[in-house]
Structure formats: C-alpha cells, structure tokens
Amino acid sequence: MTKIVKCLAASVWMLLVTLAVIFFAKGIETNYWLGGGLFIVGLVLLFTVCANEVLVKGFVGFVFASVFAVIQGFMLCAFLGEAAQTPEGHLLELCFLAAILILIVVGLISTLFCIKNLETFFFVLMGLTLLTLVAMIVTLFVADAMFAYSVSVFAIFLFTTWIIYDLQEAMQNDTPTWSVAYALYLDGMNIAVNLFDVID
C-alpha cells in the first residue's frame, strides 16, 4: 500500500507542476524555458519520492525517462502556453484538477480488487490505445466534430482504465515506483487534455 501511495503522490505532484505551467504561462509569449524549468522541479521531487528504489535499481532507465520527460515538458509547454492565453485558459486548469481527482479516486478504488489475467488486460488496452491514436490522427484530416468528440470521450475512459492497469501492475509485479508514477502522470495528462477537447 505504501508503494501505491508513493506512486499516486508522485504522479499528482507532476500534474500539479503541469498545472503551475498553465497558470504562470498566462501572458508570457515564450513559455519553453518556464515549462522546462518547472518540469525539472517535478522530476527532482519524483526522484526524491522514489530515491531509494532508483539508487538501488533502474537508475539508467530513470535517466532516460527523465530526459524524455524534460523534452516532453518543453513541447507540452508550447501547447499549454497557447491554451492558457485563450479565453478557455481557466477551463484547461479545471480539466487538470478534474484529472487529478479522477486519478486519486480511481487509483484508490483499484487497490480494492485484483485483476488475475493482467497480461491479457494489457494487450487489450494497448490495442485500444493504438486504435485511438489512429482515430486521433484521422480527426486532424477529417473535419467531423461528432467523430472528434466521440474519440475524445472514448480516450477519457480508456486512460482512466490505464490508471487501473498501472496500479495493478505495481501491486502484482516488482515495477519501479518512478516508472508507475510516470505512467500515471501520462494517464492524467491524457485525461485532462481530452476533457478539455470534450468540454471546449
């Protein structure tokens, strides 16, 4: 249970850091350095939460994930900076708060049961995720509002289900805490962005 709490705490912190990017990006034309800086702060705390495990094992993987996360932070900040400066900027912030709430509630509920065939569950989710990604690409070229809306709604449920899988994986296998926390963070990010698309 301690591991689950650490995973949830670290992922929620990362989402709060991202939310800080949205807040501070308002009125700033160039947000790349701000986003990168805040993201690095988030990674430092993620390392602190998972320090014992990272130092003992998985350090190389953590470094690669950190580099990827910082690069993603710069790219993410470009999107968040633009969105934050629009009239819907406060809506985006609310979507992130909703995603954090979903992450905590679903995360705690998922600890109450055990999925036996976790490998099959993973392949089903991965297949649905690939189909969703293809559908999202299609929405870029096909101007169908209803189709785009349906894809975003499905994506919200899909990444909510990924939260369950990631925590079940943490409970049943010896997965590094930082890896689970980062996966949960990505789940929350995708839920927030798709919530924004649905409501907007």
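Cut-offs and rules
- Residues numbered from 1 in each chain as written.
- Predicted model: local features only at pLDDT ≥ 70, side-chain atom pairs only at ≥ 80, totals over all residues.
- Heavy atoms only, no water.
- Axes fitted to C-alpha atoms, helices over the stretch in contact; angles between N-to-C directions.
- Helix = DSSP H or I, 4+ residues; strand = E, 2+ residues; numbered from the N terminus.
- Parallel < 35°, antiparallel > 145°, perpendicular 65-115°, else oblique.
- Left-handed = near helix turned anticlockwise from the far one by under 90°.
- Contact = heavy atoms within 4.5 Å.
- Nonpolar A, V, L, I, M, F, W, Y, C, P; charged D, E, K, R; others polar.
- Buried < 20%, exposed > 50% of the residue type's maximum accessible area, 1.4 Å probe, protein only.
- pLDDT = per-residue confidence, 0-100.
- Patch = residues over 30% accessible without salt bridge, like charges linked within 9 Å, V, L, I, M, F, W, Y side chains within 5 Å.
- Areas by Shrake-Rupley, 256 points an atom, 1.4 Å probe, with all protein chains shown as cover.
- Salt bridge = Lys/Arg side-chain N within 4 Å of Asp/Glu carboxyl O.

### Description of the packing of helix H7 (residues 145-172) against helix H8 (residues 177-199)
At a closest axis distance of 9 Å, the pairing of H7 and H8 adopts a crossing angle of 165 degrees. With respect to each other, H7 and H8 are oriented roughly antiparallel. The handedness of the crossing between H7 and H8 is left-handed. Only Val 180, Ala 183, Leu 184, Asp 187, Asn 190, Ile 191, Asn 194, Leu 195, Asp 197 and Val 198 of H8 make contact with H7, whose side of the interface consists of Tyr 149, Ser 152, Val 153, Ala 155, Ile 156, Phe 159, Thr 160, Trp 162, Ile 163, Asp 166, Leu 167 and Ala 170. Along the lines of polarity and charge, the residues of the contact of H7 with H8 split into 15 nonpolar, 4 polar and 3 charged.

### Re the environment of Ile 115
As for its placement among the helices and strands, Ile 115 is situated in the loop between helix H5 (89-110) and helix H6 (118-141). Judged by its relative accessible area of 19%, Ile 115 is buried. Remark: the alpha-carbon pair of Ile 115 and Tyr 165, spanning 50 residues in sequence, is separated by 8.5 Å. Those residues in contact with Ile 115, other than ones at most four positions away along the chain, are Phe 121, Ile 164, Gln 168 and Gln 172.

### Some remarks on the confidence of the model for the chain
Interpreting fine coordinate detail is not advised for predicted regions of low pLDDT. Averaged over every residue, the pLDDT of the chain is 75; the share at 70 or more is 64%. No element of the chain has a lower mean pLDDT than helix H3 (residues 51-56), at 54, and none a higher one than H7, at 89.

### Here we look at a nonpolar patch on the surface
On the surface, Val 134, Ile 137, Val 138, Leu 140, Phe 141, Val 142 and Phe 147 cluster together into a nonpolar patch covering about 690 Å² of accessible area. Broken down by element, the nonpolar patch gets its largest block of residues, 5 residues, from H6.

### Notes on the packing of H6 against H7
Running from N to C, H6 and H7 point in directions that differ by 155 degrees, and their axes come no closer than 10 Å. Comparing their axes, H7 and H6 come out roughly antiparallel. As for the relative orientation of H6 and H7, their crossing is left-handed in sense. Residues Leu 118, Phe 121, Phe 122, Leu 125, Met 126, Leu 128, Thr 129, Thr 132, Ala 135, Met 136, Val 138 and Thr 139 of H6 form the contact with H7, whose own contacting residues are Phe 147, Ala 148, Val 151, Phe 154, Ala 155, Leu 158, Thr 161, Trp 162, Tyr 165, Gln 168, Glu 169 and Gln 172. Its residues assigned to classes, the contact of H6 with H7 shows 17 nonpolar, 6 polar and 1 charged.

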